[in-house]
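Structure assessment
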Amino acid sequence: MLDIQRLRVFRAVVASGSVQAAADHLGYTPSAVSQSLSTLQRETGLVLFEKAGRGIAPTPTARVLAAESEELMGSLSRLGGFVDHLREGHTGSLSIGSFASAAQFWIPQVAKGLRREFPDLVLELSLTEFGPGPGSPERHDIDITTEPADGPGPARPGYSRHVLVEENYRVVAPRGHHLLAEHAERVPMAALDGVPMVDNDFHDNTCGRILAEACRAAGFSPRFVARSEDHHTALAFVAAGIGVTVLPELAVPEATAGIDHRELVNPAPRRRIVAQIRDGAQSAPPVACAIELIEAAVADTVRRRGGR
């Protein structure tokens, strides 16, 4: 196994260009640096330096080793910072995975509260609707997920479920659309039969499956004339008169020019929003604080939108 300290010295020599310069930068003697390099070459069985005038120069092999060790040294640096935070009573970072509309409407309020209570905390937010993105943690401390509201909800190994809210779906249509004119308060699902629709979830995620099941229960298949990966684009399509779309309440804007919306019934598609909390993270003060802040953001949303 490579000795990390000798690897640090080796990288310093490669970056500095000479043993003397690396020794000055590290606060070591030149002989200590040379001894560390000799030991590293013996441990690895690699030729890392060759004579160059009165000094030495890294071999191509050495440059490859220095480049490949960059990620490792960065990880060690982050780990060292995490240990410092733990020593000082902080947790270093908090990772949250979320779908887009929850991230948009709830997480800014959560971030503000966390910043106030834990000024040194780094909040890492990942959008998880289409799977983990590059560099996102494999296991978040908190995952905000959705599930159909007509069942108990799936168990997730290594996590505990915390139900946040249940919500209905709404049909969003261009202002003046016949669906809105014919149904002043609620639109029956069957009224969507044959109506041009904009799909806002064609990756077979939870929301799309809930809508498909409601359409089947009403005896029809949706007639999609446009598809979009995100609800913001779908709403723009609706405002342009392309068709109507169906969204859960959280994703429906409170006021947008050119569109209006109604609750769907008979059957009423409905989803549950859940916070999944990683085992082992629940006792961390920032995690407990984040859950309280998420609950407050949910309550604020429900209060503001309850009258529509």
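The following refers to the structure shown. Positions within a chain are numbered from 1, following the residues in the order the chain's sequence is written. Confidence filtering applies because this is a predicted model: local features only for residues at pLDDT of at least 70, side-chain atom pairs given and counted only at 80 or more, and all residues used for totals across whole chains, interfaces and linings. Side-chain measures here rest on the full set of heavy atoms in the structure, leaving out hydrogens and waters.

**Focus: the overall build of the protein**
The cut-off we apply is this: Secondary structure elements are defined from DSSP: runs of H or I of at least 4 residues count as helices, runs of E of at least 2 residues count as strands, and each element is numbered from the N terminus. Based on C-alpha atoms, the radius of gyration is set beside the globule rule, defined as 2.2 Å times the residue count to the power 0.38. Remark: exposure states derive from per-residue accessible area (1.4 Å probe, protein chains only) relative to the maximum for the residue type, with buried under 20%, exposed over 50%, and partly exposed in between. Contact definition: two residues touch when any of their heavy atoms are within 4.5 Å. Throughout, the Shrake-Rupley method with a 1.4 Å probe supplies accessible areas, and for residues the shown protein chains are the sole cover considered. Note on charges: Lys and Arg go in the positive column, Asp and Glu in the negative column, and His and the chain ends are not counted at all. To locate a charge, take NZ of a lysine, CZ of an arginine, CG of an aspartate or CD of a glutamate.
Of the regular secondary structure elements, the protein holds eleven helices and twelve strands. Relative to the compact-globule value of 19 Å for 308 residues, the protein shows a C-alpha radius of gyration of 28 Å, a clear excess of over 25%. When the backbone C-alpha atoms are referred to their principal axes, the protein occupies close to 90 × 40 × 35 Å. Relative to its full complement of 308 residues, the protein shows a buried share of 41%. In the protein, once contacts between residues fewer than 6 apart in sequence are set aside, the share between residues at least 24 apart is 76%. Surface exposure of the protein reaches about 16,200 Å², of which carbon and sulfur atoms provide 53%. Where the 31 positive side-chain charges of the protein centre and where its 37 negative ones centre are 3 Å apart.

**As for the packing of helix H7 (residues 107-117) against helix H11 (residues 285-305)**
Going by this rule: Where helices are involved, their axes are fitted lines through C-alpha atoms of the stretch in contact, as for all axes, and angles between N-to-C directions lie from 0 to 180°. These descriptions rest on fixed angle ranges, namely under 35 degrees for roughly parallel, over 145 for roughly antiparallel, 65 to 115 for roughly perpendicular, and the rest for oblique. Handedness of each helix crossing follows the sense of rotation of the near helix against the far helix: counterclockwise by less than a right angle gives left-handed, clockwise gives right-handed. Three categories are distinguished: nonpolar for Ala, Val, Leu, Ile, Met, Phe, Trp, Tyr, Cys and Pro, charged for Asp, Glu, Lys and Arg, and polar for the others, with Gly belonging to the last.
Close contact between H7 and H11 brings their axes to 9 Å; oriented N to C, the two are set at 140°. On the basis of their axis angle, the class for H7 and H11 is oblique. At the point where H7 passes H11, the crossing takes the right-handed sense. Only Pro 286, Cys 289, Ala 290, Leu 293, Ile 294, Ala 296, Ala 297 and Asp 300 of H11 make contact with H7, whose side of the interface consists of Gln 109, Val 110, Gly 113, Leu 114 and Glu 117. In the contact of H7 with H11, the residues fall into nine nonpolar, two polar and two charged.

**Focus on the nonpolar core**
Note the cut-off: Only buried residues count toward a nonpolar core, which is a set of Ala, Val, Leu, Ile, Met, Phe, Trp, Tyr and Cys residues joined through side-chain atoms within 4.5 Å.
Within the largest apolar cluster, 28 residues are counted, with the highest numbers of intra-cluster contacts made by Trp 106, Leu 114, Ile 142, Ile 144, Leu 164, Ile 273 and Ile 294. Mapped by element, the contributors of at least two residues to this core are strand S3 (93-98), helix H6 (100-105), H7, strand S5 (142-148), strand S6 (159-174), strand S12 (270-278) and H11. Of all the elements, H11 adds the most residues to this core, at eight residues. Trp 106 has contacts with Ile 144, Leu 164, Val 165, Leu 250, Ile 273, Ala 297, Val 298 and Thr 301, leaving out every residue within four places of it along the chain.

**A look at helix H1 (residues 4-16)**
To keep things clear, this is the line we draw: Expected span, for any helix, means 1.5 Å times one less than how many residues it has. In the analysis that follows, any N or O atom pair within 3.5 Å is treated as a polar contact, provided that within protein one partner can donate a hydrogen and the other can accept it, and provided that, for residues neighboring in sequence, both atoms belong to side chains.
Given a rise of 1.5 Å per residue, 13 residues ought to cover 18 Å, and the 18 Å separating the end C-alpha atoms of H1 matches this to within 8%. Buried within H1 are the following residues: Leu 7, Val 9, Phe 10, Arg 11, Ala 12, Val 13 and Val 14. A distance of 3.1 Å separates the backbone nitrogen of Gln 5 from a side-chain oxygen at the start of H1, and that oxygen is part of Asp 3. The positive-phi residue at the C-terminal boundary of H1 is Gly 17, with phi of around 95°.

**Quick word on the packing of aromatic side chains**
Convention followed: Here is the rule: rings of Phe, Tyr and Trp (six-membered ring for Trp) pair when centre to centre is within 6.5 Å. Planes less than 30 degrees apart are stacked, more than 60 are edge-to-face, and the remainder are tilted. Placement of a positive charge over a ring is assigned whenever Lys NZ or Arg CZ falls within 6 Å of the ring centre and within 35 degrees of the normal to the ring plane.
Taken as a whole and judged by the stated rule, the model has one aromatic pair. For the pair Phe 10 and Phe 49, a centre-to-centre distance of 5.9 Å together with 75° between the ring planes defines the contact as edge-to-face. Placement of Phe 10 in helix H1 and of Phe 49 in strand S1 (residues 49-52) is noted, with a sequence separation of 39 residues between them. We note that Phe 10, like Phe 49, is buried. Over the face of the ring belonging to Tyr 159 we find Arg 156, whose NZ or CZ atom lies 3.9 Å from the ring centre.

**A word on the side chain of Ser 228**
Among the structural elements, Ser 228 can be located in the loop between strand S9 (223-227) and helix H10 (231-239). Every residue in contact with Ser 228, bar those within four places of it in the chain, is listed here: Asp 199, Asn 200, Asp 201, Phe 202, Thr 233 and Ala 234.

**Some thoughts on the side chain of Thr 206**
Note on placement: Thr 206 falls in helix H9 (residues 206-217). Apart from residues no more than four positions distant in its own chain, Thr 206 is found in contact with Thr 146, Glu 147, Pro 148 and Asp 201.

**Re the pairing of strand S10 (residues 245-248)**
What counts, and what does not: What makes two strands pair is DSSP finding at least two bridges between them.
Side chains of S10 alternate between two faces, with Thr 245 and Leu 247 and Val 246 and Pro 248 buried alike. Where S6 and S10 come together, four bridges link them in antiparallel fashion. Across the sheet, residue Tyr 169 finds its bridge partner in S10, namely Pro 248.

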